[in-house]
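# Residue-level structure breakdown
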Amino acid sequence: MIRKGTLQDITAIMAMTKACAKAMIANGIYQWNEHYPNKEAFIKDVDRQELYVLEIEGSIAGTVVISTLMDEEYIPIKWLTKNDNNLYIHRLAIHPDYQGKGFAQKLMDFAESYAIDNNYTSIRLDTFSQNKRNQKFYELRGYKRLGDIFFPKQSEYPFHCYELVL
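Cut-offs used in this document
- Residues numbered from 1 in each chain as written.
- Predicted model: local features only at pLDDT ≥ 70, side-chain atom pairs only at ≥ 80, totals over all residues.
- Heavy atoms only, no water.
- Pairing = 2+ DSSP bridges.
- Helix = DSSP H or I, 4+ residues; strand = E, 2+ residues; numbered from the N terminus.
- Axes fitted to C-alpha atoms, helices over the stretch in contact; angles between N-to-C directions.
- Contact = heavy atoms within 4.5 Å.
- Phe/Tyr/Trp six-rings, centres within 6.5 Å; stacked < 30°, edge-to-face > 60°.
- Lys NZ or Arg CZ within 6 Å of the ring centre and 35° of its normal.
- Buried < 20%, exposed > 50% of the residue type's maximum accessible area, 1.4 Å probe, protein only.
- Salt bridge = Lys/Arg side-chain N within 4 Å of Asp/Glu carboxyl O.

## Description of the sheet that holds strand S4 (residues 86-94)
- Across the sheet, which stays open at both edges, the seven strands sit in the order S1-S2-S3-S4-S5-S7-S6 with mixed pairing between neighbours. Here the strands that pair on one side only, and so sit at the sheet edges, are strand S1 (2-4) and strand S6 (144-149). When the angles between neighbouring strand axes are averaged without regard to direction, this sheet yields 30 degrees.
- The pairing of S6 with strand S7 (residues 159-165) spans five bridges and is antiparallel. Pairing of Asp148 across the sheet is with His160, part of S7.
- Packed on one face of the sheet, helix H4 (residues 132-140) meets S4, strand S5 (122-128) and S7 and runs near 160 degrees to S5.

## Points about the packing of aromatic side chains
- Tallied over the entire structure, the rule returns 12 aromatic pairs.
- Centroid distance Trp32 to Tyr36: 6.4 Å. Interplanar angle 75 degrees. Geometry classified as edge-to-face.
- Taken together, the aromatic side chains of Phe128, Phe151, Tyr157 and Phe159 make up a single cluster linked through ring pairs.
- Above the plane of the ring of Phe42 lies Arg91, whose end atom (NZ or CZ) is 5.7 Å from the centre.

## Some words on the environment of Lys82
- Tracing the backbone through its elements, the reader meets Lys82 in the loop between strand S3 (59-67) and S4.
- On the accessibility criterion, Lys82 (66% relative accessible area) is exposed.

## Notes on the environment of Pro96
- Among the structural elements, Pro96 can be located in the loop between S4 and helix H3 (103-117).
- Spatially, the C-alpha atom of Pro96 lies 24 Å from that of Ser67, the residues being 29 residues apart in sequence.
- In contact with Pro96, not counting residues within four places along its chain, are Ala19, Cys20 and Ala23.

## As for the pattern of salt bridges
- Under the counting rule described, the total for this entry stands at eight salt bridges.
- Asp9 is the partner of Arg3 in a salt bridge, and the nearest nitrogen-oxygen pair spans 2.8 Å.
- Taken together, the shared-partner salt bridges in this structure form one network comprising Asp45, Arg48, Glu50 and Arg91.

## Some details on unusual backbone geometry
- Looking along the chain, the bond that leaves Tyr36 and enters Pro37 is cis, with omega of -5 degrees.
- Along the polypeptide, Pro37 turns up in the loop between helix H1 (10-26) and helix H2 (39-47).
- Phi at Gln49 takes a positive value of approximately 65 degrees, unusual for a residue other than glycine.
- With respect to the helices and strands, the residue Gln49 is situated in the loop between H2 and strand S2 (51-56).
- Even without a glycine there, the phi angle at Asn119 is positive, about 60 degrees.
- Tracing the backbone through its elements, the reader meets Asn119 in the loop between H3 and S5.

Put into structure tokens, the structure is as follows:
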């Protein structure tokens, strides 16, 4: 079941994202670290009503943030659509115990349906340049790679920006 995330979910979400970071590092992907994702970001997501969780048998198995706020890092990107009616996906994560079972697809299906149902023009996101699995995931869903941004606290490597026009 996908539902809105609450402050009570944050401890479980942090444990899940730490498990994701550990699994990525084991695969040579240094995308998440002690700086990101952090508890404060998830608290803000809950406050803005933008955090969603995937719950399986009472456990948090995944999360996604569906936001209308454009991060300043995205400003230089030459997007396919105007900057006035877009959704932004952040912090999509599936606990390693649940990966490879289609749950990330379910969360993205949910986000894309939400965008269509609410008449958004496009969905935008970024993914780590060293995470080839994520790049393939979004490209197979029809997202177009447009440019690169940097998050120096996370990595010296760029993050690729993607957009799906609805």
